[in-house]
Amino acid sequence: MPVTLASPDAKQPRTDRGRKTRRAILDAARSEFGERGFHDASISGITRRAGVALGSFYTYFDSKDALFRALVRDMSDQVRDHVAPVLVAAPDQLAAEQAGLQAFIEFVRGHKEIYRIIDEAEFVDPQSFRDHYQTTAERIAQRLRTAATRGEVRGDHADVYAWAIMGMNVFLGLRYGVWGDDLAPDQVAGAVAMLLRAGLSEDRDAHIG
C-alpha cells in the first residue's frame, strides 16, 4: 500500500490569527535558540515566550527540530527581504552590493542571534545550513550575471565572485554587527565598495583609491 506523504504546506496557517501565532512562535524561537542554544532550548520555553499554548505549537510544528529548520529558513528570508529594497533602488550593481552590505550589517546589529542560530545549523541540521549559504550565493551570482549583460561587471566566474562576496559579507557582519560597532555600516560598506569596484568592474583600469 503506498505511503501518502504530508504536503509541505500542511501546517501552514490559513487565517490571519494563525499566521500571527506562527510568527509569534518563530520570534520566540529566535530569542530562545539565540540565548540558550539549540540543545538547552525547550518547546515550553518557546511557548512561554510566545504567549501561546503548547497545543498551538504542535499545530504548526512537529518538533523542536522542525521549528529550528523553519527558523533558519525564516531568518534567511528576513535578511533577503530586508536587503532587497536597497538592491532594487541602487543605480548599478556595484552600488547595489555596497548598499546590500550596509543593509545587512544594519540588520545584524538588530538580530545578533542570527549568527549563533546559523552556525548551530551546521550540526543540528546540516542541510539547512548548506541551503542557507547556497541559496544566498545563488542570488548574488544571478545578480552578477544579470549585471554582466548590462556591462556593469565582469562576466566571468559569477559563482566564484558570489561566494567571495558572501563570505566577505558574513565576516564583516560578524566583526561590525555582532562583535563591535566602532565603524558605521556605511563606512564598512564604502571601504568594501572600493575593493569590489576594482575587482569586478568591466573597466580593467579601475583601481583602489
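Residues numbered from 1 in each chain as written. Predicted model: local features only at pLDDT ≥ 70, side-chain atom pairs only at ≥ 80, totals over all residues. Heavy atoms only, no water.

Chemist: So what's going on with the confidence of the model for the protein? Residues and values would help.
Modeler: For the protein, the average pLDDT comes to 91, and 91% of its residues sit at 70 or higher. By mean pLDDT, the top-scoring element of the protein is helix H2 (residues 43-50) (98), and the lowest-scoring one is helix H9 (residues 185-200) (93). Under a pLDDT of 50 for its full length, residues 1-10 has, in the predicted model, 1 contact with residues more than four places off or in other chains. (pLDDT = per-residue confidence, 0-100. Helix = DSSP H or I, 4+ residues; strand = E, 2+ residues; numbered from the N terminus. Contact = heavy atoms within 4.5 Å.)

Chemist: Go over the packing of helix H1 (residues 16-40) against helix H6 (residues 113-124), please, and point to the residues and values.
Modeler: Across the interface, H1 lies against H6 with an axial gap of 9 Å and an inter-helix angle of 65 degrees. Of the two elements, H1 crosses H6, and the hand of that crossing is left-handed. Contact residues: Arg30, Phe33, Gly34, Glu35, Arg36, Gly37 and Phe38 in H1; Glu113, Arg116, Ile117, Glu120 and Val124 in H6. When grouped by side-chain class, the residues that make up the contact of H1 with H6 number 4 nonpolar, 2 polar and 6 charged. (Axes fitted to C-alpha atoms, helices over the stretch in contact; angles between N-to-C directions. Left-handed = near helix turned anticlockwise from the far one by under 90°. Nonpolar A, V, L, I, M, F, W, Y, C, P; charged D, E, K, R; others polar.)

Chemist: Can you lay out the packing of aromatic side chains for me, pointing to particular residues and giving the numbers?
Modeler: For the structure on display, the rule yields 6 aromatic pairs. Pairing phenylalanine 57 with phenylalanine 61 gives two aromatic rings, centres 5.8 Å apart and planes at 45 degrees, and the pair type is tilted. According to the relative accessible area criterion, phenylalanine 57 is buried, its value standing at 0%. By relative accessible area, which is 3% here, phenylalanine 61 ends up buried. Centre to centre, the rings of phenylalanine 129 and tyrosine 133 are 5.2 Å apart; their planes meet at 75 degrees, and the pair counts as edge-to-face. Residue phenylalanine 129 and its partner tyrosine 133 are located together in helix H7 (residues 126-149), separated by 4 residues, close to a single helical turn. (Phe/Tyr/Trp six-rings, centres within 6.5 Å; stacked < 30°, edge-to-face > 60°. Buried < 20%, exposed > 50% of the residue type's maximum accessible area, 1.4 Å probe, protein only.)

Chemist: Account for the pattern of salt bridges, with residues named and values stated.
Modeler: Summed over all chains, the structure comprises 16 salt bridges. Of the charged contacts, one joins arginine 30 and glutamate 113 as a salt bridge, the two residues approaching to 2.8 Å between their closest N and O atoms. Highlighted residues: arginine 30 in helix H1 and glutamate 113 in helix H6, separated in sequence by 83 residues. Judged by relative accessible area, arginine 30 falls into the buried class, the value being 17%. One salt bridge in this structure joins arginine 154 and aspartate 156, with 3.1 Å as the shortest N-O distance. What you see here is one network of salt bridges that share partners, running through Arg23, Asp27, Arg30, Asp74 and Glu113. (Salt bridge = Lys/Arg side-chain N within 4 Å of Asp/Glu carboxyl O.)

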